[in-house]
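Residue-level listing of the chains:
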Amino acid sequence: MSALMLILALAAQAGDAPPRAYAADRLGAAPEAQLALHRFGQCVAERFGRTATNVLRQDFRTANYQRGMRSMLEDNRVCVARGQRAQFSGVLGAGAIAEGLLDADHGALLASLPDRAAIAPDQGFSPTDTAAICVVKRDVATVRALFGTEPASEDERRAIAALSAPLSQCLPTGQDFRFNRPGLRAILALSAFRIAAGVAPAKQG
């Protein structure tokens, strides 16, 4: 039986450890792979929503998060079409699941995003997370519009282009941030989910 291996590799989010900040997959992702990943995230959110929510609410720098995320990304047979095999890794898989959770229950979490964003803390779990939170808070309407587009579509390209101004305002100076479109969509989905779910990093000190 032939198998389709879709490998979407992206550096995991990490605090301040090198490589600096966040680097997206250098090869990008083919449109069909992006669509397959999107469907996978929707399926996981629909079938395993409680588990996915519990995992994505955690600090992604912890071992518990890494174990939970790895389990969700590897135990994916029920969410992959017959005759295909999919392997999703890193923040792309987490972002697809987060977007699926935002869309669950007729988009209940996504509908709550504007109100939640208005009162959400500015600080995230990492510099990348903090920048993404900033983008969501500055232009929540365009971020919501982005999640209504099909991955790898012209509509997605326009929505991301519309976020160029808040991105430039939110990215800290002196650090190297490189994103491709799938990677940017993923980190925005993760931060939007955490905002909508009321997740905030524990205060230090």
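Along every chain, residues carry numbers that run from 1 in the direction the sequence is written. Reporting in this predicted model follows two pLDDT cut-offs: at least 70 for local features of residues, and 80 or more for side-chain atom pairs to be given and counted; totals over whole chains, interfaces and linings ignore these cut-offs and use all residues. The side-chain values count all of the structure's non-hydrogen atoms but skip hydrogen atoms and water molecules.

Caption draft 1: Region of interest: helix H5 (residues 127-138). Spanning twelve residues, H5 covers 16 Å between terminal C-alpha atoms, matching the ideal 16 Å at 1.5 Å per step. Of all twelve residues making up H5, ten are buried, and the element is well covered by its neighbours. Burial classes: relative accessible area under 20% of the type maximum marks a residue as buried, over 50% as exposed, and values in between as partly exposed (1.4 Å probe, protein chains only). Numbering of helices and strands runs from the N terminus; a helix is a DSSP stretch of H or I covering at least four residues, while a strand is a stretch of E covering at least two. Along H5, the positions that sit buried rather than exposed are Pro 127, Thr 128, Asp 129, Thr 130, Ala 131, Ala 132, Ile 133, Cys 134, Val 135 and Val 136. Every helix has an expected span of 1.5 Å times one less than the residues it contains.

Caption draft 2: Highlighting the state of the cysteines. For this text, the term disulfide refers to a pair of cysteine sulfurs within 2.5 Å. Here the structure, examined in full by the defined rule, presents two disulfides. Shown here is the disulfide that connects Cys 43 with Cys 79, its sulfur atoms set 2.1 Å apart. Note on the Cys 43 and Cys 79 pair: the S-S dihedral is about -75°, so by sign convention the disulfide is left-handed. Residue Cys 43 is located in helix H1 (residues 31-47), and its partner Cys 79 is located in the loop between helix H3 (63-74) and strand E3 (85-88); the two are separated by 36 residues in the primary sequence. Accessibility expressed as a relative area gives 12% for Cys 79, which makes it buried. One disulfide bridge connects Cys 134 with Cys 170, the sulfur atoms lying 2.0 Å from each other. Torsion about the S-S bond of the Cys 134 and Cys 170 cystine: about -70°, corresponding to left-handed handedness.

Caption draft 3: Structural context of the pattern of salt bridges. Just to be clear on terms, a salt bridge is a Lys or Arg side-chain nitrogen sitting within 4 Å of an Asp or Glu carboxyl oxygen. Counting across every chain of the model gives nine salt bridges. Linking Arg 158 and Asp 155 is a salt bridge whose minimum nitrogen-to-oxygen distance equals 2.4 Å. Here Arg 158 and its partner Asp 155 are both found in helix H7 (residues 154-161), three residues apart, which amounts to about one turn of the helix. Ionic pairing is found between Arg 181 and Glu 156, a salt bridge with its closest N-O pair at 3.0 Å. With Arg 181 in helix H9 (residues 181-196) and Glu 156 in helix H7, this residue pair connects regions lying 25 residues apart in the sequence. The partly exposed category is assigned to Arg 181, whose relative accessible area is 30%. Looking at Glu 156, the relative accessible area reads 1%, which means it is buried. Through salt bridges with shared partners, one network takes in Glu 99, Glu 156, Arg 181 and Arg 185.

Caption draft 4: Molecular detail of the nonpolar core. Of all hydrophobic cores here, the largest spans 54 residues; its most connected members are Leu 56, Met 69, Ile 97, Phe 147 and Leu 188. In terms of residues, this core owes the most to one element, helix H4 (residues 90-119), which gives eleven residues. Look past the residues within four positions of Met 69 in its chain and what remains in contact with it is Val 55, Leu 56, Gly 93, Ala 94 and Ile 97. By convention a nonpolar core is built from buried Ala, Val, Leu, Ile, Met, Phe, Trp, Tyr and Cys residues, the set being connected through side-chain atoms within 4.5 Å. Throughout, a contact is declared for two residues whenever any of their heavy atoms are within 4.5 Å.

Caption draft 5: Summary view of the side chain of Glu 99. Residue position: Glu 99 is located in helix H4. Take Glu 99: its relative accessible area is 6%, and that puts it in the buried class. Beyond its immediate stretch of four places on either side in the chain, Glu 99 contacts His 38, Gln 42, Phe 147, Arg 185 and Ala 189.

Caption draft 6: Highlighting the confidence of the model for the protein. Confidence of the predictor at the level of single residues is captured by pLDDT, which takes values from 0 to 100. Per-residue pLDDT for the protein averages 80, and the proportion of residues at 70 or more is 77%. When pLDDT is averaged over each helix and strand of the protein, the minimum, 30, is found for strand E2 (residues 22-23) and the maximum, 97, for helix H6 (residues 140-147). This stretch, residues 1-28, has a pLDDT under 50; its non-local contacts, to residues over four places away or in other chains, come to 71 contacts.

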